[in-house]
Amino acid sequence: MNKDKKLKLEIKSAYEIPESNRKKDFLINLEIPKINFYEFFISQIKYIRKRIFFIQLVVMLICLITLLSIDSTSLNIKYISILPSAIPFFVLIIATEISRSISYNMTELEMTTKYSLGQIIIVRTAILGSVNFIFLIFLLISLKLKLEYSTLILSLYIFIPFLLTCFGSLYVMNYIRNKNVNFYCAGVSISVSLANILLYNATGNMYNYLSVKFWLILLVALIVGVIIQAKKFIRSTEEYNWNSL
Amino acid sequence: MELIIDRITKQYANKIAVDRISCSLKDGVYALLGSNGAGKTTLMRMLCGVLAPTSGEIKLNDLNTSDEEYRNLLGYLPQDFGYYPDFTAMEFLMYISSLKGLDKSAAKLRSTELLNITSLSDVAKKKIKTFSGGMKQRLGIAQAMLNNPKLLILDEPTAGLDPKERVKFRNLISDLSKDRIIILSTHIVSDIEYIANKILVMKSGQLIHNGSLDEIIKVIENKIWECSVSTSEAENLSKMYTIINIRHEKDNTFLRLVSDKSPTPDAVKAQACLEDLYIYYFSDISEVERNGK
């Protein structure tokens, strides 16, 4: 080993390193290694603000603590209305992240990179949506353990306010393209949340008040509506709205 | 590399921002010259795929602007770009590198190199929200070059740069100009004179000239005059001709103006430059007034 080192040093001292020829040209035209879509997907986790994950966790914990603190022997469905009222805020968290480009005037730059704005938004929504989905399923299981309602009713209980807020937020983002978009999305979340509390108070349990068929039709309509609005939103990222900012 | 722009038009309701522009650009530096509202930014946005043309086609070696491979070859500095305020300069470049699909270690090396070139190494770890306008502009230039683009489009790249930085930028562009197409727009005529191989002059959405500096200046050759006249005569001449420069001297007023023939018996012809051409085309005196004189 030492012999090798010595030899290396001797060779180094014996030869004079020639001046690099066209080093500048070489560096300018050097092909930079690229990542694939999977690596791009993973790389984007780092660029979602840490506080977004933290807030998701806090909202989730608030829901869970609320649920656990309710005495199941004297369980009143009105108290449980707190839970679906918190769900719109899961959506608000995602909305603030995907409207970040608009809020900070980064759309024009992000539209021209290899992975375009549409792909960036899809990737971030997929990451945050997956986290939300896990939390919602976790809440659903917790509710199922606590309440003697069918899984279907409990799913409606969680996913209707969720999808309604998704639809409202996407609708807002499709029509309002300025730095205040987050405030409008917050307005949607607060409205859905308040409407949820008011309806629970007025009806006792609104999912029992109207037939399950009605809620199922509403659920399907909301899924379709969210898909339409999401498609519209992604399509809108393909062209810059020239006088919107 | 060949960028073909074929009868590109962009219309917004009643306004035609870009009107049937056609040209073919090969490797080199092209400068877009035109007054505010001439359609430069709209054309650049269409070249970047940010705006879809109302009609016409843009192709880079048979690639469409909507192709991922087109964007892979593209570097773009928008006129007015934002940034995420919590990012440091290095984080911003690493973020853009990830969107450009660059490998992390290569991106780090490239970002460090570009921060050095744009004299931002000292502030690499400082948040962008603390940067001055010029520093943000330099960071914008750096991000455009991250992927070693074959088509580099820079909208007002020298805006906010001090003279020293502008010289550095011009040298950088000259070094990069081999084997790639660089299109830049600027109001700073001297930048164009120094670095552009070809100049594209736009007016009211149309491409009115496309050629080298010498070819373009021919339009006003033998039309630039200098004279020293009284203040009252200077006022009269200002109403009649396109004035390039006015300098008040002790008793007289020195004028540099554009005219087909000698404006005064004492006027002398002067060598035309790009700034003369710019003022000739984009002054407040209309063509009709000029021709009717």
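Residues numbered from 1 in each chain as written. Chains lettered and ligands numbered in written order. Predicted model: local features only at pLDDT ≥ 70, side-chain atom pairs only at ≥ 80, totals over all residues. Heavy atoms only, no water.

**Let's talk about the packing of aromatic side chains**
Here is step 1 of the chain: Using the criterion set out here, one finds 15 aromatic pairs over all chains in the structure.
Here is step 2 of the chain: A ring pair is formed by Tyr 47 of chain A and Phe 87 of chain B, whose centres lie 6.2 Å apart and whose planes are at 70°; its orientation type is edge-to-face. Highlighted residues: Tyr 47 of chain A in the loop between helix H3 (37–46) and helix H4 (50–69) and Phe 87 of chain B in the loop between strand S6 (74–77) and helix H3 (89–99), drawn from two different chains. One exposure class covers both Tyr 47 of chain A and Phe 87 of chain B, and it is buried.
Here is step 3 of the chain: Here Tyr 47 of chain A and Tyr 95 of chain B contribute two aromatic rings whose centre-to-centre distance is 5.0 Å and whose plane-to-plane angle is 65°, an arrangement assigned as edge-to-face. Of this pair, Tyr 47 of chain A sits in the loop between H3 and H4 while Tyr 95 of chain B sits in helix H3, each in a different chain.
Here is step 4 of the chain: Overall, the relative accessible area of 0% leaves Tyr 95 of chain B in the buried class.
Here is step 5 of the chain: By way of ring pairs, the aromatic residues Tyr 47 and Tyr 104 of chain A together with Tyr 84, Phe 87 and Tyr 95 of chain B are connected into one cluster.
Here is step 6 of the chain: The residue whose ring lies beneath Arg 100 of chain A is Tyr 84 of chain B, and the NZ or CZ to ring-centre distance is 4.1 Å.
Here is step 7 of the chain: Between the NZ or CZ atom of Arg 247 of chain B and the centre of the ring of Phe 254 of chain B, over which it lies, the distance is 4.3 Å. (Phe/Tyr/Trp six-rings, centres within 6.5 Å; stacked < 30°, edge-to-face > 60°. Helix = DSSP H or I, 4+ residues; strand = E, 2+ residues; numbered from the N terminus. Buried < 20%, exposed > 50% of the residue type's maximum accessible area, 1.4 Å probe, protein only. Lys NZ or Arg CZ within 6 Å of the ring centre and 35° of its normal.)

**Brief notes about the domain arrangement of chain B**
All names here are of chain B.
Here is step 1 of the chain: For chain B, the domain assignment lists domain 1 (3–217) and domain 2 (220–292).
Here is step 2 of the chain: The gap between the C-alpha centroids of domain 1 and domain 2 is 34 Å.
Here is step 3 of the chain: Counting from both sides, the interface comprises 16 residues of domain 1 and, opposite them, 11 residues of domain 2.
Here is step 4 of the chain: Between domain 1 and domain 2, a total of about 1,100 Å² is buried, with carbon and sulfur atoms accounting for 72% of that surface.
Here is step 5 of the chain: A per-residue breakdown of the area domain 1 buries against domain 2 is headed by Val 189, Lys 203 and Ile 217, which together make up 46% of the total.
Here is step 6 of the chain: At the junction of domain 1 with domain 2, the criterion picks out 0 salt bridges.
Here is step 7 of the chain: In this structure, the connection of domain 1 to domain 2 is made through 5 residue pairs in polar contact (both at pLDDT 80 or more).
Here is step 8 of the chain: Listed by contribution, the elements that provide at least two residues to the side of domain 1 that touches domain 2 are helix H7 (189–195), strand S9 (198–203), strand S10 (206–211) and helix H8 (213–217). (Domains from an automatic or database assignment. Contact = heavy atoms within 4.5 Å. Buried area = accessible area lost by both parts, 1.4 Å probe. Salt bridge = Lys/Arg side-chain N within 4 Å of Asp/Glu carboxyl O. Polar contact = N/O pair within 3.5 Å; in protein donor to acceptor, adjacent residues only side chain to side chain.)

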